[in-house]
Amino acid sequence: MTNDLKNKVAFITGAAHGQGRAVALALAGEGVHIVAFDIAKPLSYPGYTLGSETELDSLRRECEARNVRCLTAQGDVRRDEDIRRAVEAATAEFGTIDILFNNAGICAYGLVHELPEEEWDAMLDINLKGAWLVARRIIPLMMAQQSGVIINNSSIAGLRGMNRLSHYAASKWGLVGLTKSWAIELAPYNIRVNSIHPTGVNTPMNDGLAALEGATPQEIAERSAGNLLPVPWVEPEDVSAMVLFLASDKARYVTGSQFVLDAGLLTR
Ligand SMILES: NC(=O)c1ccc[n+]([C@@H]2O[C@H](COP(=O)([O-])OP(=O)(O)OC[C@H]3O[C@@H](n4cnc5c(N)ncnc54)[C@H](O)[C@@H]3O)[C@@H](O)[C@H]2O)c1
């Protein structure tokens, strides 16, 4: 089968490390040019280590070693100005954008009645509103070319309740609403929209939450209770395998759907 991904262009948010980086490298391996967007600096909330400029630079070099071009852009998914600049730079470099992986996100614990309003706002603004702010700048490019793929990184928290994570879960359920509505709106333009729903993933987010909670990374992953398969978490490369499938023409009639990568957790 021919590689339909070759020479496509993917815009990936939260690309500096974790799942975004793994997806960038997997797509680059298939010949996809990469636009790697990341805040690349610390935020006082959630308070664990986010991506860095050094990581963006090394990602660019690793993509180039796979014989594709990689444009890095430092920016916040909450800031339209940052997004506009990155999308303009991407179109100047590549002409268009074919694939959007809406992946940037934060996670933090908080009891529903104790949660400060600023934490609620930050969670919803980054995880949910940010996905919309980015998509609305890229969708017109996809409409013009009558094709495109959008993949929203939700979570198992987008399909169930989570203890001390109600604001996180609300943002992730919100992404399902966006996914299904955008799929309806954009199908006439041959733009497919799906969401993915991983269980705990072995990334700096998981390590960061562990440090904040004084727990081990394994304990944090297991807190979400009960993968059926005997693993504490899945790896970022498991996520990229799913994203690669959804981005490719192998999934050409797949839209509006939720793809669970949960080691069986939701079956319980
Ligand atoms: N790690 C898990 O267990 C897990 C499980 C299911 C879903 N998810 C979701 O997957 C996505 C990726 O998570 P991860 O585990 O790779 O996390 P991570 O913290 O390891 O990486 C997230 C990346 O997003 C960037 N980012 C954060 N806020 C940003 C902002 N405002 N603007 C731009 N970039 C920003 C960070 O700098 C970082 O590089 C998130 O949406 C997360 O909620 C994570």
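Draft legend 1. Examining the nonpolar core more closely. Core analysis: the largest hydrophobic core is formed by 52 residues, its most contacted members being Phe11, Leu100, Ile138 and Ile150. Listed by contribution, the elements that provide at least two residues to this core are β1 (9–13), β2 (33–38), α3 (80–94), α4 (117–145), α5 (166–186), β6 (191–198) and α6 (204–213). It is α4 that contributes the most residues to this core, 12 residues altogether. The contact partners of Leu100, leaving out residues within four places of it in the chain, are Phe11, Val134, Ala135, Ile138, Met142, Val149, Ile150 and Ile151. Ala36, Leu59, Ile99 and Ala251 belong to the second largest nonpolar core, which has 36 residues in total.

Draft legend 2. Molecular detail of the site of the ligand. Taken together, 30 residues surround the ligand, and among them Asp38, Gly51, Tyr168, Val201 and Thr203 come closest. For the ligand, a nitrogen atom lies 2.9 Å from a polar atom in the side chain of Asp76. The contact in question runs from an oxygen atom of the ligand to an N or O atom on the side chain of Asn153, over 3.0 Å. Taking 830 Å² as the accessible area of the ligand by itself, protein coverage stands at 98%. When each cavity is represented as a set of grid points, the ligand is found to reside in the largest pocket. Within the residue set of the shell around the ligand, elements represented by two or more residues are α1 (18–29), α5 and α6. Split into classes, the residues belonging to the shell around the ligand amount to 13 nonpolar, 14 polar and 3 charged.

Draft legend 3. Spatial organisation of the layout of surface pockets. If you add up the space inside the largest pocket, you get close to 860 Å³. Around the largest pocket, the lining is made up of 48 residues, and of these Tyr48, Ile106, Cys107, Tyr168 and Met205 lie nearest the centre. Broken down by secondary-structure element, the contributors of at least two residues to the lining of the largest pocket are α1, β2, α5, α6 and α7 (217–223). The greatest single-element share of the lining of the largest pocket, amounting to 4 residues, is contributed by α6. Taken together, the residues that form the lining of the largest pocket break down as 22 nonpolar, 20 polar and 6 charged. Quantified by volume, the second largest pocket comes out at close to 180 Å³. Residue lining of the second largest pocket: Leu5, Lys8, Asp98, Ile99, Ser147, Gly148, Val149, Asn190, Arg192, Ala247, Asp249 and Arg252, and that is the complete set. Across the lining of the second largest pocket, the residue classes break down as 4 nonpolar, 3 polar and 5 charged.

Draft legend 4. The state of the cysteines, seen in detail. Evaluation of the coordinates by the stated rule reveals 0 disulfides. Note on Cys63: no disulfide assigned, nearest cysteine sulfur contributed by Cys70 at a separation of 4.1 Å.

Draft legend 5. The arrangement of empty space enclosed by the protein in detail. Within the structure shown, the criterion is met by 1 cavity of 30 Å³ or more. In this structure, the largest cavity is lined by Thr13, Val77, Asn102, Asn103, Ala104, Ile126, Asn127, Gly130, Ala131, Asn152, Asn153 and Leu175. When residues of the lining of the largest cavity are traced back to their parent elements, those giving at least two are α4 and β5 (148–153). For the lining of the largest cavity, the element with the highest residue contribution is α4, accounting for 4 residues. For the lining of the largest cavity, the residue count by class is 5 nonpolar, 7 polar and no charged.

Criteria and thresholds
- Residues numbered from 1 in each chain as written.
- Predicted model: local features only at pLDDT ≥ 70, side-chain atom pairs only at ≥ 80, totals over all residues.
- Heavy atoms only, no water.
- Core = buried A, V, L, I, M, F, W, Y, C linked by side-chain atoms within 4.5 Å.
- Buried < 20%, exposed > 50% of the residue type's maximum accessible area, 1.4 Å probe, protein only.
- Helix = DSSP H or I, 4+ residues; strand = E, 2+ residues; numbered from the N terminus.
- Contact = heavy atoms within 4.5 Å.
- Near = heavy atom within 4 Å.
- Polar contact = N/O pair within 3.5 Å; in protein donor to acceptor, adjacent residues only side chain to side chain.
- Areas by Shrake-Rupley, 256 points an atom, 1.4 Å probe, with all protein chains shown as cover.
- 1 Å grid on protein atoms, 1.4 Å probe; cavity = no way out; pocket = protein on both sides within 12 Å on 5 of 7 lines; lining within 4 Å.
- Sits in = over half its atoms within 2 Å of the grid points.
- Nonpolar A, V, L, I, M, F, W, Y, C, P; charged D, E, K, R; others polar.
- Points joined across faces, edges and corners; volume = space filled by probe spheres on them.
- Disulfide = S-S within 2.5 Å.

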